Every structure is written in structure tokens, then in C-alpha cells.
2 protein chains.
Amino acid sequence: MAFDAIETPFGKTDKIVGGSATYVAYAASNFLKPIQQISIVGYDFPEEEMAELKRRGVQLEGVEIVPDKKSFFWSGRYHEDMNSRDTLVTDLNVLADFNPQVPESYQNAEFVMLGNLHPKTQLSVINQMKKRPALIAMDTMNFWMEVAMPDLEETLKHVDLLFVNDAEARQLTGQYSIVKAAKAILQMGPKFLIIKKGEHGALLFHGNDVFYAPALPLEDVFDPTGAGDTFAGGFMGHVAKSGDISFENMKRSIIVGSAMASFCVEKFGPTRLKEVSEGDINARIQQFKELVNFEIELV
Amino acid sequence: MAFDAIETPFGKTDKIVGGSATYVAYAASNFLKPIQQISIVGYDFPEEEMAELKRRGVQLEGVEIVPDKKSFFWSGRYHEDMNSRDTLVTDLNVLADFNPQVPESYQNAEFVMLGNLHPKTQLSVINQMKKRPALIAMDTMNFWMEVAMPDLEETLKHVDLLFVNDAEARQLTGQYSIVKAAKAILQMGPKFLIIKKGEHGALLFHGNDVFYAPALPLEDVFDPTGAGDTFAGGFMGHVAKSGDISFENMKRSIIVGSAMASFCVEKFGPTRLKEVSEGDINARIQQFKELVNFEIELV
């Protein structure tokens, strides 16, 4: 949970609420309650945002508030292609000393989503769970492959599902072919792998099975910040709601995640995620069905 | 119809048979006969290739054989990502004076595929057709946008369907957004637009409808030469076989084209296309169904 200041070809924002856990919680809260949040913020994180999250069924007992420090702050500028961006400012602030504690009341969590942080920090959360959750998913990024690869390899052994983008999958394995990279990652620990390809959709790998979810072709991507976290939040929310961790159900959940991500990019920050209704979500899922559905006889 | 010499990270070939029309014909001949070919070759184009094409139902009356010149020759080297390549040699040879003539026996063709050539040459073929075909499709490339844009714009007014890749769609319209680029192209003449995205699949646009066909995730792309032409050939072959130019049927035909392209890249040049059976094609189409198929209840 953090602040971002974002500049895109369409405009710019002052400091607005952001952060992986914020996006995941807003997306997942459409599908089930409670969401049990673990994060750290400073004295400056807005009361009204906390209240809004609570209203949506997000429990905040695991959110540490540091009274004399500021929240994490990131500022960046997207290029015209919206796939690359320059980081202008990264102020770690409270995140420099983040040592997440799993509250007793969270101990029965069945579905755990580990946001992108140091793999040791991610592993410490897993180790605090007294009962093995049904599904542990994690996100990571190229930075940890560069500075903490042995830790990342260790953490990967303890998770069920990994989210990475295509460049990260290649970097993690040294394989250029996405299919070969996926096979290598499935040997490293996770039984499920989701490779995110931005405007080109996402691939789900499990054993020898593969599923290709498209991204919705959009006229404009207004602000991609948080789209990956929103995708993960929608995915995990839908999996947790159904309580079904089969490959078939993960296919559905990826479509749900993709639908949520397609909303996220329509406005700055999590703005759009706070507006969408169940009807909006169902209409968007219907659009995905129409986008890829075909009937074919053998030739 | 031409010669290529190809170098990829997996190996290299001497001069082998290639050319847009060759790939289109091999792919389309799986679905219907006859294919009525128009092209130009030199004295060096192999007799046995002509015989093989004939055996597959490809009529060659429209193929001019120039007795004292060589066939078009291209040589290139693919980079590791297989998406970019360096051209090493381009010898136009017979292609420098190509002035395609539509034989009288081809006049009833209902489905016309115009390969990537100067847009004036493409238009001359359209103008020779005494009866308007049911569907005229064309391919083009960035080069013609740079050197013959007014001619390209004129030719586009006379075709029903355009094949381009994503970079070409952007260049043709000056729109970065693929959806905006597609809308602009549909204002330029074609009623249908297929945007090819290589390993990321293809998009079909028609009015406000859009369809997303995935590419099959492959362990290795051995040689991408001719994949786009094979895709077009499979697509046109399937459309022509069914005689149905509805959006629904074009969706099926894109899947068929994608299946054919996925074979093409498995070996050098058109080698693999000559081997595949009806059973192979149906098995591959089934893989595409499994790749994108999902069932979802509303959330």
C-alpha cells in the first residue's frame, strides 16, 4: 500500500493511492470477503482509503501504521507505447523496514497472494502460516533475479503458482522460448505458472496443459499502473470464491483477472476499480467470451 | 514464386524454393482445388516443384517462365528472437518486369489473394477480372507505405480484406493504438482486416466486431519464413472451400490459417507444408480449441 505519481501521454497525477496490495484488494473484494491484508504504511496514508477498503470487506489488522514515517512513494513516466516507463522517484520510506507479521486472525487463510517484494520477505509470510494454505501464489520481478536469485529459487520451492511477465520468465530461466521457459519454471517449484504479456494477453501453464487468455483490445490504455496486480487480484478473488484450484477453474479465473485489468487501465490509479459494478464485470466477461469463441467442424 | 537462402539460430539452408505464392498455394491446396496461380519465375525454377504443385491441384497457366533470367532470390538471417531479421541479398531478377496476366481460364475465380507486391501491380490484377470476385484479399508491407502510399490507398479502395502486421497497421494509419488503427483502416476500403502479431496471434476486425485468434505456443520456431503467407493461404483456402464470407466463418478460417502457420515454422521453407496430412491439420485445430476454450458462469 503506497503512493504513486504517474505521468502518461494522456495526463498526469499528483500523489495518489497505489501499491500492489491496494490493487489486489480492490480487485479481489468484488468476489469474496473478507480479504485479509498485510502491508505497511506511514502516517500519511489517507484515513478515507482505509475506510473504503474496510467497507469492501478488507480487514486491516495486518497493516502496520508507522507513526513517524512516510508511506512508500513511486513516481514514473510512461512512454507512448505504454509498455515501457521511466522511474523518476522511488522513496522506500516505511518499506525499508517492512517485516510482515501474520495476525492470528489470518491463520486460516486458504488462498495467499504474495505481492512483489524481497523473496525472503515472501518466504517469511509462508513460514508464519501454521496450516498450509490451499494455494500460495506469488509475484516477483527482474530486480530480485539480479540481486537475490538464490533466495528467489528457495521461495519458489514453497509456492503453488507464480505470476511473471514474458521478459521475467526468460530472465528467470535463460530460455528465449516461452514454452521452454515455462517448462523450466514448472521444475523450480510452482505447479501453475501464469505468464503475463500485457496487451497480448496471458498464458497459463500446468503440466503439459496450456491456456491462452487474450487481453481485450482497447482503444486507449489510459494508465497501466496496477494492471498486473489487478489481474492477480481478480484471479485470486475468483479462485478463492469458487474454492476450486483445478486447471479448468484457473482458466475461468484468468478471464476474470483479465476483465478486472481491462477496467484498471481506463483511469488513473485504482479509480476505475472503485466504480465498477457486478453488472459491469459480467458484461466485460461476456466480451471476452465473444472475443475468442469460435465453432469449427473438422476440415 | 522464388528462392530463399535462410539462416536461423537453428541452422542454414542453401537456395530453397520459397515465395509468397508458393506458401499460399501449398497451404490453400489442403482445402480445395483448383488453386489458380499467377506468378513469374526464371529458367532456374525446378521442374519437380512445378510438378508437385500441379499434383496438388495448383494450376500454373498464369505462371510466366522467363527463359533467359533467374527467379527472384532473397537471402536473410534471423536474430535470436525470430521476430527480426537482416536481409543479406535481394535479387529481383524476373520480378523487376513482372506484369501479371490473368488467364481467361481464371476469370471465374471467386476468391482472390493478392500477394505483397507494388499496389499498382495488385490493382492491375483486380482490373483484369471481368466479374467481381466474392472476396478480394491483399497483403502489403511497410516498404509500399514509404514509396507508393497514394497507390496503396487507391488499391485498398478495391479490396475486401487486408492482411498486415501490427507495425504495418500503425505505420499505415499513424495510430499507435491497434484498435484505433483498425478503425482507420476499415475506413480506407477493406471491410475486413486481419492484423497479424506473430507469436501473439492475430486479430480480425469487421465493423465493431473483433476476434482474437491465439498463436500456438511452440517450443521452437525453427524458421518463420513464409508463416504469414501460409496463414493467408490456409485462411483463404478455408474461406473458399466453405464459400462463406461471414464474420463467423472468417473466425474459423483464421484458426485454420493459424494452424497451417504453426506447421510452416517447424522446418525450413515449405518442407513441413508438403508433409502434413488432413489428420495432422485436424489434430492441430483441436489443439487451438483446447488452447482458448473456457466455460464460465457469470460471477
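Residues numbered from 1 in each chain as written. Chains lettered and ligands numbered in written order. Predicted model: local features only at pLDDT ≥ 70, side-chain atom pairs only at ≥ 80, totals over all residues. Heavy atoms only, no water.

(A) View of the interface of chain B and chain A. In this assembly, 45 residues from chain B lie in contact with 45 residues from chain A. Both faces considered, chain B and chain A share a buried interface measuring about 4,200 Å² in area, 61% of it formed by carbon and sulfur atoms. The salt bridge partner of Glu 219 of chain A is Lys 183 of chain B, with a shortest N-O separation of 2.5 Å. Here chain B and chain A share 17 residue pairs in polar contact (both at pLDDT 80 or more) between them. (Contact = heavy atoms within 4.5 Å. Buried area = accessible area lost by both parts, 1.4 Å probe. Salt bridge = Lys/Arg side-chain N within 4 Å of Asp/Glu carboxyl O. Polar contact = N/O pair within 3.5 Å; in protein donor to acceptor, adjacent residues only side chain to side chain.)

(B) Molecular detail of the pairing of strand β7 (residues 85–91) of chain A. Residues and elements named next belong to chain A. Bridge count between strand β6 (residues 73–78) and β7: six bridges; the pairing is antiparallel. Directly across from Arg 77, in β7, lies its bridge partner Asp 86. Linkage of β6 to β7, two consecutive antiparallel strands, is achieved through a turn of six residues, within which Met 82 is found at a positive phi near 65°. (Pairing = 2+ DSSP bridges. Helix = DSSP H or I, 4+ residues; strand = E, 2+ residues; numbered from the N terminus.)

(C) View of the relation of the copies chain B and chain A. Its rotation angle being 180°, the transformation that places chain B on chain A also includes 0.0 Å of axial translation and leaves an RMSD of 0.0 Å. Such a combination of turn and shift is consistent with a two-fold rotation axis. Measuring from the rotation axis to each C-alpha of chain B, the shortest distance belongs to His 200 of chain B, at 3.0 Å. A symmetric contact is evident, with 100% of the interface residues of chain B recurring at the interface of chain A. (Least-squares fit on C-alpha atoms with pLDDT ≥ 70 in both.)

(D) Structural view of helix α2 (residues 47–55) of chain A. Residues and elements named next belong to chain A. Within α2 the residues assigned to the buried category are Glu 49, Met 50, Glu 52 and Leu 53. For α2, the buried positions fall inside an angular range of 160° around the axis, keeping them on one side. Exposed positions of α2 whose direction lies more than 90 degrees from the buried face are Glu 47, Glu 48, Lys 54 and Arg 55. Taken together, the buried residues of α2 touch β3 (16–18), α1 (20–28), β4 (35–41), β5 (58–65) and α10 (271–275). Where α2 terminates, the next one or two residues include Gly 57, which has phi positive at roughly 90°. (Buried < 20%, exposed > 50% of the residue type's maximum accessible area, 1.4 Å probe, protein only. Arc of directions from axis to C-beta.)

(E) Up close: the confidence of the model for chain A. Confidence along chain A averages 95 in pLDDT terms, with 99% of residues attaining 70 or more. Listed scores for the predicted complex are pTM 0.94 and ipTM 0.90. (pLDDT = per-residue confidence, 0-100.)

(F) Structural detail: the side chain of Gln 107 of chain A. Residues and elements named next belong to chain A. Here Gln 107 lies in the loop between β7 and β8 (111–114). You can call Gln 107 buried: its relative accessible area is 8%. From its side chain, Gln 107 meets the backbone nitrogen of Lys 130 in a polar contact 2.9 Å long.

(G) View of the pattern of salt bridges. For the structure shown, the criterion picks out 38 salt bridges over all chains. The shortest N-O distance in the salt bridge between Asp 220 of chain B and Lys 180 of chain A comes to 3.0 Å. In this pair, Asp 220 of chain B sits in the loop between β13 (209–213) and α8 (227–242) while Lys 180 of chain A sits in helix α7 (residues 178–186), so the two residues belong to two different chains. Assessed through its relative accessible area of 31%, Asp 220 of chain B is described here as partly exposed. On the basis of relative accessibility, which here comes to 25%, the residue Lys 180 of chain A falls in the partly exposed class. The partner of Arg 132 of chain B in a salt bridge is Asp 160 of chain B, with the nearest N and O atoms 3.0 Å apart. A residue pair is termed long-range when its members are at least 10 positions apart, and Arg 132 of chain B in the loop between α3 (119–128) and β9 (135–139) and Asp 160 of chain B in the loop between α5 (149–156) and β10 (161–165) qualify at 28 residues. A relative accessible area of 5% places Asp 160 of chain B in the buried class. Because the salt bridges share partners, they merge into one network encompassing Glu 266, Lys 267, Arg 272, Glu 275 and Arg 284 of chain A.

(H) Looking closely at the side chain of Ser 177 of chain A. Considering the arrangement of structural elements, one finds Ser 177 of chain A in the loop between α6 (166–173) and α7. With a relative accessible area of 13%, Ser 177 of chain A lands in the buried category. Engagement of the side chain of Ser 177 of chain A in a polar contact is seen with the backbone nitrogen of Lys 180 of chain A, the distance being 3.1 Å. Ignoring sequence-local partners within four residues, the contact set of Ser 177 of chain A consists of Leu 218 and Glu 219 of chain B.

(I) Broad picture of the environment of Ile 255 of chain B. Within the element layout of this structure, Ile 255 of chain B appears in helix α9 (residues 247–264). With 166 residues separating them in the primary sequence, Ile 255 of chain B and Val 89 of chain B have C-alpha atoms 33 Å apart.

(J) Representation of unusual backbone geometry. Residue and element names in this part refer to chain A. With an omega dihedral of -10°, the bond running from Lys 33 to Pro 34 counts as a cis peptide bond. Position of Pro 34 relative to the elements: it lies in the loop between α1 and β4. Even without a glycine there, the phi angle at Asn 93 is positive, about 50°. Mapped onto the elements of the fold, Asn 93 is located in the loop between β7 and β8.

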